[in-house]
Amino acid sequence: MKNVFRARLLCSTLLIGAGTIAAPVLAQTQPVESVTPQDNAPAEEAGADIVVTGSLFRNPNLVQSSPVNVVTEDEIQLRQTFNAEQLLREIPGVASNVGSSANNGNEGASFVDLRGLGANRNIVLLDGTRITPANLDGAVDLNVIPVALIERVDVLTGGASTTYGADAVSGVVNFITKRDFAGVDLQASESLTERGDGNAFRVDLTVGGNFGEGRGNAVFGVGYQESDPVYQGGERRASNETVDSFDGTSTGGSATAIPTRFSVAGVGNQNIDPATGQLVPVFASFNFNPYNVFQTPFRRFNMYGAAHYEVSDSVEVYTQGIFSKNKVQTIIAPSGAFSSPLLIPVSNPFLPAGARATFCANNDFDQSAEGVQTLTAAQCAAAAATTNPNDPNYREFSTNVSRRLAEAGGRVSTYETTLFNYRAGARGNITDKIRYDVYGAYGESENTQAQTGYALTSRFQQGLRATSATTCVDSTGGCVPINLFGSQGTITPEQAAYLQAAAFSTNKTTLAQVHGLITADLGTAFSASAPISVAIGSEYRKYTADITADTLSQNPGELGGAGGAITPVSGGYDVVEGFGEIIIPLLADAPFFHSLTLEAGGRYSSYKVDAAGSPSFNATTYKAAATWEPVESLKLRANYQRAVRAPNIGELFAPSSVNLTNLKNDPCQGTAAVTNANLRAVCIAQGAPASQIGKIDPPSASQINATFSGNVNLRPEKADTFTVGAVFQPTFVRGFTVSLDYYKIKVRNAITAPRPGDVIGACFGNLTAASATDVACTSIRRDPATGGLDGDASTTPGLQLPTTNSGRLETSGLDLTANFRTDLGSFAQLALNFSGNYTFESKFQSTPGGLNRECVGYYSINCGFTGSILPKFSFNQRTTLSFGDVDVSLLWRHISSNKQEPFDAVEANFGSNGPAFADFRRVKAYNWFDLATRFGISENFDLTLTATNLLDKGAPLLGNNIGSTTFNSGNTFPSTYDALGRRFTVGARVKF
C-alpha cells in the first residue's frame, strides 16, 4: 500500500498531457489490456492492444501525429470534480460554454467548446463512439457522462474529421470508461463553499467481474449526484446589486420594475409615482441579481453497464449501455409584463386621476383612424365614469406596460433530461494480420422543460380591463382585476395566482448508428521495422430531432419575460459514409531517421435531408500527416486535414422566431435623432413612431429582440486544420518530457449568424451614408409604440439574425506541455506537470466585407459564439509531493488579462456599446490555487481532502451588461472566473 497511491499520483501527474508527447497508451480509446500506473510502462512494452484517439487503428506500436491532452482518473479524483463540463472547461485552449455556472440561457444541458469554435464543431465520444445529442444542433450534454466510471478523458484538439466525421473540425473529446474491471469500487464525496452554500454530494458504486474462465468481463455502475443553488445575493456582496458596466452605478437593472412603467404617445416611457398617482419621467430599475444563481441546482441518477465475451479466438462480442436521468433548474428574477402592449379602460378602478389625465391628453383613442385622437378633459371625465363597454363614452387606451411581478417570486425553469444509449457489436481477427470491428448503436434523449412563476400577458390584459375592483369586462376563466398602479404589494396573492400558469415543452433527439471497420497489416516496406497498416470502413447514421410545446409556450410574448415563443419543429437527416486510413512507416534506426512515418486518410459522406425540397449534399474530407524522429529523444510531427461540415438539424430546420440578444445602446435612443435628419428618417423607417423620436429609451437590461431562423438551403462549410509540433524527451534528464504544437484552423462558408454589432453597424456605422430605404436598415424592426428595439415578441421583431453560409472563422495558437518527476532521495517523490495554451487569434467575420472581429482576450456582446471569454494565455501547473501513503498536490490555474473588445468600446456611431466604466475595461491576469491531500488509510480505503480556490480569490467586478446575458451575470463572467470562492470537498473511496 505504501507505494500504491504514490505511484498512481505521480503517474497521473506525469500523464496529464503526455498523450501529446509520446506514450500511445495515453491516447487509447478502448484498452484491451491496460497498463497500471504502477507499471509506468508504455503500451509497447506491456503488450497492450489499443485504439488511438484520432486514428482507426488498434496498434500498440502506433505513435500518433495529432496532439492529445489526457486527463486521467487520478487527476479527476484529485480535483474531485462533480461534472465533466467543469473538468473540460479548465483545460487550456477550451472556451467555456453552457454549464453549471451559466444560469439565464442554460437550457438544462452542458457543452464543451474546443478552441472557441462552438460546441457544434467538435464531437463528444464515449469509448470512441458517438453519443445521442441533446439538441437540434447536435451537441452532446456532458451532464449525462458518469464521472465515476471514467478511466481517462482524451481531448484531441486538432481536426479528426476523417476518423470520426466531418463535424470534428476542432477535435474530439473521448471519454474512456473502465474495462475489465473486477471488484467493487464505492466512492462518495461532499462539497461546500466557505460561505456555507452550494452543497454538492455524489455517490457512485461500480461492480465488475470476470467470467467464462477469464474470456469475459462485465461491469455495472450506478450513481447519484445533487448540488444546491448558489444565489448571487446574500453573502456575495459584489453581486448583490445589478451594476451597469458602462457607468459603474448600481442602476443597471431592468426597466421592468416597480412601480410600473407605461409608454405614453408623444411623451415616452413614464413611471407612475405611487404616492401621487402621477406619471413622471422614468426613475425605477429592478435589481434582478439576488434572484439569479452562480450555480444551478442539479440532480442526476445514472446507470452504466458493459460486457464483453471472447466466443472464440477470432470473435469477441461486446455491449455497452448508459442511462441517465437528470434535472437542472434555472432561477431568474420575477416575471411580469415586459413592455407588453395592453388596453386599459379609462374607467379602470385602480387608475389614479393624475395618470388618467395624462393618458387622456396624449394617447390615441381611435387607432383605426388617420391621425391621433385624444380626449378632452370632459371626454376623459365621462369615460372615467362609464363602466359599461357598450356605453358610447366608454374608452380604452393602448400602452406598453412594464411591471415586475415581485409578489410572486422568481421564475423557475425545470429541465428534466432522460437519455439512454445502447451499443452492441463484435470484433476479432479474420487472420493474424486482418481484424474487424462491427457494431450498431441507438440512443434517445428527451429534455422536458416546465416553466413556473411566469405571468401570462393575456391575463394581464384581461385583469386590466376591469370595470370595478371585482369585475372584469371579460370574466371568463375566473378573471381577477389587477392593480398595476401602486407600489409593491398592491398586486394581492389572489391577483398574482390568477396571473400565473405553468408551461411545458419537450426536446427529443435520436441517433441510430451502424459502423463497420477492417484493419490490416500489409507487412514492412523500405527500411522500416513496423508494418504498413490500412483501415477501411463504412458508417451509417440517422439523426432525428423534434420540439413540441403547449399553447402557452407557442404564443409569442404570452409568458412574461420568457423571450420569444417556442416553435414546434421536426427534422432529421441520414448520412452514409465510407472512410479509410493508411500508415506507412518508411524508415527506422537509420542515421537522422530513428523513425519516419507517413499517414493519410479520407472520408466520403453522403447526406440526405428529411424535408421536401431540401437539398441533399456530399462531402469529402481528407488528411495527410507525418512523424519524424531524427534521434530517439526528439520527434517532429505535422498534420493537415480538410473538413467539410454539413449543417445540423437546428441550422437547417429552426423556424423563424423572436428571442433576446444583447445591446447596451440603441443608436436611435435619446435626442441623437432629433438633430440628425438622416438618423431620424432611418429610425422612423424601422418602425419608430415619429412622435417618439427623442424619447426612445436605452434597451431594458441591455436586452433587445432579435429574429433567429434556420435555413434549409444551407450548404456544408469547409475547414482546413493544420498542426505542427515537436516532442523532446532528453536522455540526459531522466523523467522529463516536453512538447510544443502549433495549430491553425480556418473555416470558410461558415454556418453562422451575425452578431448584434454586425447588424447595427451595417446600418448605423456611417450615418452620413445610412439610408431609410437600405435593406440593412429597414430589416431592423422596432416596437410600434415606443420605438425601442426591446418590446413584446408579438410586435417587435428587432434585429434579423438568420443562419447563413456567409461566415468565416480563424484561430491559431500554441499548446505546450512539460512533465518532470524525480525521487528526492528516500524523503519523497516529486512530480511536476505543466499544460498551457497561447492563442494568437480567434477571428469571426459574419459577412463578406464585414468586420473581421478579433475576439481572443476580449469580452463583449459580439465576441465568441456564446459570448464567453477565450483568454490569450492560460495554463494549469500541478506540483505533487508524495510521502509514503500521503500525497500532497497543488494545482495552479492561470488565465491572462482580458479587456473590452476594441470595436465594442469605440465612441463612434458604430452601433457599439461604447466605452465601459474605466475600472471595467480591463481585468488583470488571474491565478487560482487548489490544494489536495490524499491519505492511504488502509489497503482498501483512501480519503481525499481538496480546497479549491485556496486563497478565496474573488471574481472581477465588471458589471452586468458588458457581455451576453448567459455568460455575463452577477457583475462578472462566472463561467470564466470563480464566483463561488473557496470550496472544501471531502472524498472517500473503498475498493476491493
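Above this text sits the structure in question.
This is a predicted model, so every value here is computed, not measured.

Novice: What is the right way to read the overall build of the protein from this model?
Specialist: For the protein, the count of helices and strands is 16 helices and 43 strands. Taken against the 2.2 N^0.38 rule, which gives 30 Å for 992 residues, the C-alpha radius of gyration of the protein at 31 Å falls within 12% of a compact globule. Counting across all 992 residues of the protein, residues that qualify as buried make up 58%. Partitioning the intrachain contacts of the protein with sequence separation of at least 6 by distance along the chain shows that 73% fall at a separation of at least 24.

Novice: Would you take a moment to explain the pairing of strand E30 (residues 717–728) for this structure?
Specialist: Put simply, side chains in a regular strand alternate between the two faces of the sheet. Judged from the 12 bridges that link them, strand E27 (residues 634–645) and E30 form a sheet pairing that is antiparallel. If you follow Ala638 over to E30, its bridge partner there is Val724. Bridging between E30 and strand E31 (residues 736–752) involves 11 bridges; their strand directions are antiparallel. Bridged to Gly725 within E31 is Asp741.

Novice: Explain the sheet that holds strand E28 (residues 657–662) here, please?
Specialist: Hydrogen bonds between backbone atoms are what pair the strands of a sheet, whose relative direction is either parallel or antiparallel. The sheet built from three strands is open, its strands ordered E28-E29-E32 with mixed pairing. Lying at the two open borders of the sheet, with one neighbouring strand each, are E28 and strand E32 (799–802). Pairwise comparison of adjacent strand axes, ignoring direction, gives a mean angle of 40° for this sheet. Pairing analysis gives six bridges linking E28 to strand E29 (residues 703–709), with the strands arranged antiparallel. Pairing of Asn662 across the sheet is with Gln703, part of E29.

Novice: What's the story with the side chain of Asn326 in this structure? I'm lost.
Specialist: Note on placement: Asn326 falls in strand E17 (residues 315–334). Those residues in contact with Asn326 that sit more than four places away from it in its chain are Gly108, Asp141, Asn143, Val144, Phe298, Arg299, Arg300, Tyr415, Glu416 and Thr417.

Novice: Got a minute to help me understand helix H14 (residues 756–764) in this structure?
Specialist: Two residues of an α-helix separated by three or four positions point the same way, owing to the 3.6 residues in each turn. The element H14 is largely enclosed, with a buried count of eight among its nine residues. Buried within H14 are the following residues: Pro756, Gly757, Asp758, Val759, Ile760, Gly761, Cys763 and Phe764. As for H14, its buried residues are in contact with E28, helix H13 (677–685), helix H15 (775–778), E32, strand E34 (828–845) and strand E35 (852–854).

Novice: Mind showing me how you'd approach helix H8 (residues 457–464) here?
Specialist: Where burial is concerned, most of H8 is hidden: six out of the eight residues are buried. Within the sequence span of H8, burial applies to Thr457, Phe460, Gln461, Gln462, Gly463 and Leu464. The elements touched by buried residues of H8 are strand E18 (336–345) and helix H9 (493–499).

Novice: How should I be thinking about the sheet that holds strand E14 (residues 279–281) in this particular structure?
Specialist: Strand order in the open sheet formed by five strands is E14-E13-E12-E19-E18, and the pairing between neighbours is antiparallel. Edge positions in the sheet fall to E14 and E18, since each has one partner strand and no second. Neighbour-to-neighbour, the strand axes of this sheet turn through a mean angle of 40°, independent of strand direction. With two bridges connecting them, strand E12 (residues 261–264) and strand E19 (residues 396–404) associate as antiparallel partners. Its bridge partner lying in E19, Arg261 is registered against Ser402.

Novice: Mind showing me how you'd approach the packing of aromatic side chains here?
Specialist: Working definition: an aromatic ring pair is given by the centre-to-centre distance plus the angle between the planes. As enumerated under the stated definition, the model contains 26 aromatic pairs in all. Ring geometry for Phe286 versus Tyr291: centroids 5.8 Å apart, planes at 25°, classification stacked. For Phe286, a relative accessible area of 10% gives the class buried. Arranged with centres 5.6 Å apart and planes meeting at 35°, the rings of Phe593 and Trp628 form a pair that is tilted. In this pair, Phe593 is assigned in strand E25 (residues 593–609) and Trp628 in strand E26 (residues 617–631), connecting sequence segments 35 residues apart. Take Trp628: its relative accessible area is 31%, and that puts it in the partly exposed class. Over the aromatic face of Phe181 sits the side chain of Lys178, whose NZ or CZ is 5.7 Å from the ring centroid.

Novice: Would you take a moment to explain the pattern of salt bridges for this structure?
Specialist: Side chains bearing opposite charge may pair, as long as their charged atoms lie close to each other. Throughout the structure, instances matching the rule amount to 50 salt bridges. The partner of Arg130 in a salt bridge is Asp167, and the shortest N-O contact between them spans 2.8 Å. Pair noted here: Arg130 is in strand E5 (residues 129–130) and Asp167 is in the loop between helix H5 (161–164) and strand E7 (172–177), with a separation of 37 residues, a long-range link. What makes Arg130 buried here is its relative accessible area of 8%. Note that Arg541 and Glu577 form a salt bridge whose closest N and O atoms lie 2.6 Å from each other. In this pair, Arg541 is assigned in strand E23 (residues 533–549) and Glu577 in strand E24 (residues 569–590), connecting sequence segments 36 residues apart. The buried category is assigned to Arg541, whose relative accessible area is 2%.

How each quantity is defined
Residues numbered from 1 in each chain as written. Predicted model: local features only at pLDDT ≥ 70, side-chain atom pairs only at ≥ 80, totals over all residues. Heavy atoms only, no water. Helix = DSSP H or I, 4+ residues; strand = E, 2+ residues; numbered from the N terminus. Rg over C-alpha atoms; globule rule 2.2 N^0.38 Å. Buried < 20%, exposed > 50% of the residue type's maximum accessible area, 1.4 Å probe, protein only. Contact = heavy atoms within 4.5 Å. Pairing = 2+ DSSP bridges. Axes fitted to C-alpha atoms, helices over the stretch in contact; angles between N-to-C directions. Phe/Tyr/Trp six-rings, centres within 6.5 Å; stacked < 30°, edge-to-face > 60°. Lys NZ or Arg CZ within 6 Å of the ring centre and 35° of its normal. Salt bridge = Lys/Arg side-chain N within 4 Å of Asp/Glu carboxyl O.

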